[in-house]
Amino acid sequence: CLYLFLQQDSFKKFVSNDIIKNIEILLEKKKNRHCIFKKVTLNDIFEKNVFRFQYNNETFFAPMWHSEVEFETNENEEFCVHFIPILPDNVWIDENNDLCIYLKLNLDNTLLLNETIPITIDTYTFEIQCSQIVCIKNQLIKIKNQGLWKILQNDMFNVQEKGDIIIHLELE
């Protein structure tokens, strides 16, 4: 798919042949790379679980709060582990590892009579402050630093900082 895109004449007008060749070499190298797919729960992610596994008689450890982790064996064979989160239909994880939730609320007294609106996903409950909700149909509300663990490329096991929870709120 990407290779075909790179071959288009319209693309070649804007990118040098050297860059295209380097991308082609990288794609070729990764084309036959072995990938392991592992399903994870929200609990695996929040609880900082680590996937321990054997590959080519070597033991590896992969943090489950990442979407993909790349490894290299002692024989210089590259492979990767993809984590596939099992989430409700209204929940997803974005490219920044923020937990995103689509929520539809009725515009009624609940917003006036309560200080917070609880959102429960699996065994986790998050609260939106009602004072953050404005009277428009669609809005984004961020719950800062209460989401999933931030990904640090140079320190994959670092769990010092949490990302955000982004609520895609629709009032009806």
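Fair warning: this is a prediction, and the values are worked out from it, not measured in the lab.

Rules and cut-offs
- Residues numbered from 1 in each chain as written.
- Predicted model: local features only at pLDDT ≥ 70, side-chain atom pairs only at ≥ 80, totals over all residues.
- Heavy atoms only, no water.
- Core = buried A, V, L, I, M, F, W, Y, C linked by side-chain atoms within 4.5 Å.
- Buried < 20%, exposed > 50% of the residue type's maximum accessible area, 1.4 Å probe, protein only.
- Contact = heavy atoms within 4.5 Å.
- Helix = DSSP H or I, 4+ residues; strand = E, 2+ residues; numbered from the N terminus.
- pLDDT = per-residue confidence, 0-100.
- Salt bridge = Lys/Arg side-chain N within 4 Å of Asp/Glu carboxyl O.

### Things to note about the nonpolar core
Where a protein is soluble and globular, its nonpolar side chains tend to be buried together.
For step 1, the next point in the chain: Core analysis: the largest hydrophobic core is formed by 39 residues, its most contacted members being F53, F126, I133 and I167.
For step 2, the next point in the chain: Excluding anything up to four places from it in sequence, I133 contacts L105, L111, I117, I128, Q139, I141, L169 and L171.

### With respect to the environment of K144
For step 1, the next point in the chain: Structurally, K144 can be placed in the loop between β10 (138-143) and β11 (165-171).
For step 2, the next point in the chain: If we skip the residues at most four places from it in the chain, K144 touches G163 and D164.

### Some points on the confidence of the model for the protein
For step 1, the next point in the chain: Mean pLDDT over the protein works out to 88, with 87% of the residues at or above the 70 mark.
For step 2, the next point in the chain: Per-element mean pLDDT across the protein ranges from 53 in helix α2 (residues 9-12) up to 97 in strand β3 (residues 58-63).

### As for the pattern of salt bridges
When the charged atoms of two side chains with opposite charge come close together, those side chains can pair.
For step 1, the next point in the chain: Summed over all chains, the structure comprises 4 salt bridges.
For step 2, the next point in the chain: Between K104 and E172 there is a salt bridge; the shortest N-O distance is 3.8 Å. Here the residue K104 occupies a position in strand β7 (residues 99-105), and E172 occupies one in the segment after β11, the gap between them amounting to 68 residues.
For step 3, the next point in the chain: Here K150 ties to E161 by a salt bridge, and the two come within 3.7 Å at their closest N and O atoms. Placement of K150 in the loop between β10 and β11 and of E161 in the loop between β10 and β11 is noted, with a sequence separation of 11 residues between them.
For step 4, the next point in the chain: Here E161 falls in the partly exposed class, since its relative accessible area comes to 47%.

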